[in-house]
Amino acid sequence: MDFKLFQIINNLAAKNLALDQIGIFFTHWVIFLLLIAAAIVVVSKGRKALVLSVFAIVAILLIDKFLNFLIDSPRPFVENQVNLLITALDDPSFPSTHAAISAAAAAAIYYFSNLRYLKIAAIASAFLVGLSRIFVGVHYPSDVVAGVILGIAAFIISVKLTNLLQSSKNLDEKQK
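Calculation rules
Residues numbered from 1 in each chain as written. Predicted model: local features only at pLDDT ≥ 70, side-chain atom pairs only at ≥ 80, totals over all residues. Heavy atoms only, no water. Helix = DSSP H or I, 4+ residues; strand = E, 2+ residues; numbered from the N terminus. Buried < 20%, exposed > 50% of the residue type's maximum accessible area, 1.4 Å probe, protein only. Contact = heavy atoms within 4.5 Å. Lys, Arg positive; Asp, Glu negative; His and termini not counted. Salt bridge = Lys/Arg side-chain N within 4 Å of Asp/Glu carboxyl O. Phe/Tyr/Trp six-rings, centres within 6.5 Å; stacked < 30°, edge-to-face > 60°. Arc of directions from axis to C-beta.

**Student:** Explain the side chain of Asp 64 to me, and be specific about the residues and the numbers.
**Tutor:** Tracing the backbone shows Asp 64 in helix H3 (residues 47-71). Overall, the relative accessible area of 0% leaves Asp 64 in the buried class. Residue contacts for Asp 64: discarding those within four places in its chain leaves Pro 95, Thr 97 and Leu 150.

Spelled out as structure tokens, the structure:
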């Protein structure tokens with residue numbers, strides 16, 4: 001099922017130069033635009049938001065490396081004939097770090113921003129980054145879904161931990 005869905009999406013690649021360039025743009029550049037937008041939103045909300053976001057990114061990177069080591073699944077182009085549109089390492093495929101970081105950035109924008117259009121743009125951009133990773137031939141759909149789950153979960157856990165630490169700090173200050 002995973003490979004069949006991969007084929008449906010990846011078989012659209014290498015047939016239309018404009019579509020290929022859009023896929024490459026999303027896979028390489030939109031993640032950076034999401035991170036910049038998230039950084040602007042987060043920094044405007046203060047130190048607590050910044051600490052929370054940094055913790056989420058560190059958690060994603062650590063969990064990602066642990067899962068890479070634990071699962072060590074090969075990328076689609078290593079085992080199959082695919083339409084590979086970018087140069088990629090043959091490091092483990094599961095989970096997609098791009099999808100995880102994009103999802104966490106979108107979650108931060110969604111959580112901290114008051115602008116509805118920015119929230120929608122962030123979610124759509126994160127979705128398209130994940131889709132582009134399949135399109136360009138470097139991830140299976142399950143890699144992307146796992147990355148999205150990891151990114152959102154890391155952000156939610158960061159929020160909960162930050163709130164817990166803040167509550168504990170407030171309680172300590174009241175007891176003094």
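**Student:** Residues and numbers for the environment of Leu 50, please.
**Tutor:** You can see Leu 50 is positioned in helix H3. The class for Leu 50 is partly exposed, based on a relative accessible area of 40%. Residues Leu 50 and Lys 65, 15 residues apart in the sequence, show an inter-C-alpha distance of 23 Å. The residues touching Leu 50, leaving out its near neighbours within four places in the chain, are Val 42 and Val 43.

**Student:** Give me the side chain of Arg 133: which residues, what numbers.
**Tutor:** Examined against the element boundaries, Arg 133 turns out to sit in helix H6 (residues 116-135). For the buried residue Arg 133, which engages in no salt bridge, the nearest side chain bearing the opposite charge is Asp 91, 7.4 Å off. Residues contacting Arg 133, with those up to four places away along its chain left out, are Thr 27, Arg 75, Ile 86, Ser 96, His 98, Val 138, His 139 and Val 144.

**Student:** Which residues make up the pattern of salt bridges, and what values do they have?
**Tutor:** When charged atoms on two side chains of opposite charge get close, those side chains can pair. For the structure on display, the rule yields 2 salt bridges. Across the pair Asp 64 and Lys 65 runs a salt bridge whose closest N-O atoms are separated by 3.8 Å. Among the salt bridges present, the one from Arg 75 reaches Asp 91, with a minimum N-O distance of 2.9 Å. Of this pair, Arg 75 sits in the loop between H3 and helix H4 (76-79) while Asp 91 sits in the loop between H4 and helix H5 (97-112), and the two are 16 residues apart along the sequence.

**Student:** How would you sum up the packing of aromatic side chains? Please name residues and give values.
**Tutor:** All told, the structure shown has 8 aromatic pairs when counted by the stated rule. Consider the rings of Phe 3 and Phe 6, whose centres lie 5.9 Å apart with planes at 20 degrees: the pair is stacked. Residue Phe 3 and its partner Phe 6 are located together in helix H1 (residues 2-10), separated by 3 residues, close to a single helical turn. Given a relative accessible area of 1%, Phe 6 falls into the buried group. Centre to centre, the rings of Phe 25 and Phe 26 are 5.9 Å apart; their planes meet at 90 degrees, and the pair counts as edge-to-face.

**Student:** Help me get a handle on H1, residues and values and all.
**Tutor:** Listing the buried residues of H1 in full gives Phe 6, Ile 9 and Asn 10. The arc that holds every buried residue of H1, seen down its axis, measures 90 degrees, which confines them to one face. Looking at H1, the residues exposed on the side facing more than 90 degrees away from the buried face are Lys 4 and Ile 8.

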